[in-house]
Each structure stands twice: as C-alpha cells, then as structure tokens.
Amino acid sequence: MTKLILSLDGMVLREIPVDREKIMIGRKPHNDVQIDNLAVSGEHAVIKSIQNDSFLEDLQSTNGTMVNGQTVQKHFLQDGDVIEIGKYKLKYVREVSSKGPSPEDFEKTMVIRPGAVKPAPTVQVAEPATVPKFNPGDTTIEHVAPAPEPAPAAASGPRPGAIQVLNGANAGKSLELTKNLTSLGKPGVQVAIITRRPTGYFITHVEGPTHPFVNGEQIGVQAHELRDHDVIELAGIKMEFFYK
C-alpha cells in the first residue's frame, strides 16, 4: 500500500492512503488533505496517481511546494520523498509485498535529447557506463548514473519495445525501451512518460498545456496503451512505437 504520512515538527498527525487517482492538498475544507494554516493556499498541490506511479504538482500556490528541500512545480514521487508545504511535511511511502517489485526496481527517468540516441544495433552490446539523456529539440546532452540492471522479463511480460524518431535532427534513429520508465519531451514545454508494464507499454501525459497525440488523436488523462506502429507526436517531434 502507498500512503502519505503528515507531520508537523516531527509529530505524526495522520496517515493518508494513496488509493485514488487524485489527492488534493490545501487549506480549504474540500481538499482530501486539509492543512488549516495561512501559509497553505486554498488549493495548494495535487498528487495524481496512474496505476503504481504518482506525480506531485504545485497548483501555483503562494508559498510554493518543496520535495526533499528543493522547490518543485511537478515531481515524480519515489519512496521516501518528503513533500514540504509550509511547516508541514508529507512523507511518500510505498509498502510493497515480498512478492512484488522493490522500489529499487524502478529505473530513473530518462529524458530524450538529440545526439544521444544511436541507431539500433544489429548485435547485442554491453550497457554503456552512463545512461544518456536526450530531448528532441534540445542539443544539450546530459548523463546520469546508470540505474540497476533490470531483471529479465518474465515470460508473461511484453515483447521488447522501441521508438524511432520520424522527423527533426534525430530522424531515423531509434531507442529501445528497456527501462521501466522512459520520459520523453522537452521540460517546460511538453513531457510524457512511457511505462513498461507486464501487459505492455503505456504513454501518460506529465507536463505541458497540451497532451500528446497518438495516431493523430490526443490522449486523455489516463495512461494510453501503445499498439505496434503507433505514431506519437510530442513537442513537435513524431515518433513511431514498435515491438521488436
């Protein structure tokens, strides 16, 4: 079970199960988590959950929202993250069964940037020392520490998926979707994630005023399952999803 632990000055006030798609946080009574304090805006922040993933979004609050000491606008929550709203703290805790995946199994988000994608190899090659992050429309290349080696896919899991860029500077290049979470787009403009699950691959809107398009139709707020050869349009870049 996933939950939020609300505390003030180290004293636990209550626990809130994360068992719905949207949890509103704010000073007004209609919020799911009401914090009656003048430092907290009427509707301060919201936590949106899609299957097993949760995202925190600040709702243009007066005093802002922090996670682990850093001011955030939107944040992908991970086990142990501490949300700070005024003097109050909300700890995000994921409790998984011994049969379920551990939090360490979730890969770090990877943002696509031009130049970091290589054409799909014809033979199996070793993982690089660092995981490239690249973003269509942005020529800056960053690297993050490699995430733990994913466990071999179960027989019931999806076939390996990949995306191929159809236009722009990276046209013709492809990326294998080997991580549990792959973030695509341009931060501050439009961002979405592709989630790898036992039943297949799903795309979900995370950031930006408009949602991504799949085969010319805009997706909704729910995770959208990707089919073989679906065409994704995101931040002006078209990509084809396909199973290998």
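Check the entry above for the structure.
Remember, predicted model here, so these are calculated numbers, not experimental data.

Peer 1: How should I be thinking about the pairing of strand E22 (residues 231-234) in this particular structure?
Peer 2: On a regular strand, one side chain projects to one face of the sheet and the next to the other, so that they alternate. Of the two faces of E22, the one lined by Ile232 and Leu234 is fully buried and the one lined by Val231 and Glu233 carries no buried residue. One ladder, built from two bridges, connects strand E19 (residues 213-214) with E22; its direction is antiparallel. Looking at the pairing, Phe213 lines up with Glu233 of E22. Relative to strand E23 (residues 237-243), E22 runs antiparallel, the two sharing four bridges. Each residue of the ladder has a partner; that of Glu233, found in E23, is Lys238. Between the end of E22 and the start of E23, which pair antiparallel, lie two residues, with Ala235 showing a positive phi angle near 55°.

Peer 1: How should I be thinking about the side chain of Thr195 in this particular structure?
Peer 2: Inspection of the secondary structure puts Thr195 in strand E17 (residues 190-197). Not counting chain neighbours up to four residues away, the residues in contact with Thr195 comprise Asp53, Asn180, Leu181, Gly200, Tyr201 and Phe202.

Peer 1: It is not clear to me how the side chain of Ser49 should be interpreted in this structure. Could you clarify?
Peer 2: Note on placement: Ser49 falls in strand E5 (residues 45-50). The class of Ser49 is buried, set by a relative accessible area of 12%. What Ser49 contacts, discounting residues up to four positions off in sequence, is Val18, Arg20, Glu21 and Ser54.

Peer 1: Looking at this structure, I do not really get the sheet that holds strand E21 (residues 224-225). What am I missing?
Peer 2: Neighbouring strands of a sheet are bound in pairs by backbone hydrogen bonds; such pairs are parallel or else antiparallel. One open sheet holds the four strands; their spatial order is E16-E17-E18-E21, and the pairing between them is antiparallel. Edge positions in the open sheet fall to strand E16 (181-186) and E21, since each of these has one partner strand only. In this structure, E16 lies alongside E17, joined through six bridges in antiparallel fashion. Bridged to Leu184 within E17 is Ala192.

Peer 1: Where do I start with the sheet that holds strand E3 (residues 22-26) in this structure?
Peer 2: Within the open sheet, the five strands sit side by side as E4-E3-E5-E6-E9. Their pairing is mixed. The sheet is open, and its two borders are formed by strand E4 (33-34) and strand E9 (74-76), each paired with just one other strand. Relative to E5, E3 runs antiparallel, the two sharing four bridges. Directly across from Ile23, in E5, lies its bridge partner Ile47.

Peer 1: Explanation requested: the nonpolar core in the structure shown.
Peer 2: Looking at soluble globular proteins, one finds that nonpolar side chains tend to be buried together. Grouped together as the largest cluster of nonpolar side chains are 20 residues, with contacts concentrated most on Leu4, Ile47, Leu56, Ile83 and Leu90. No other element matches strand E11 (residues 88-94), which puts three residues into this core. In this structure, Leu90 is in contact with Leu4, Ile5, Leu6, Ile16, Ile25, Asp81, Val82, Ile83 and Ile85, ignoring residues within four places of it in sequence. Core analysis: the second largest hydrophobic core is formed by 18 residues, Val165, Ile219, Leu226 and Phe241 among them.

Each value, and the rule that gives it
- Residues numbered from 1 in each chain as written.
- Predicted model: local features only at pLDDT ≥ 70, side-chain atom pairs only at ≥ 80, totals over all residues.
- Heavy atoms only, no water.
- Buried < 20%, exposed > 50% of the residue type's maximum accessible area, 1.4 Å probe, protein only.
- Helix = DSSP H or I, 4+ residues; strand = E, 2+ residues; numbered from the N terminus.
- Pairing = 2+ DSSP bridges.
- Contact = heavy atoms within 4.5 Å.
- Core = buried A, V, L, I, M, F, W, Y, C linked by side-chain atoms within 4.5 Å.

Structural measurements only, silent on function.
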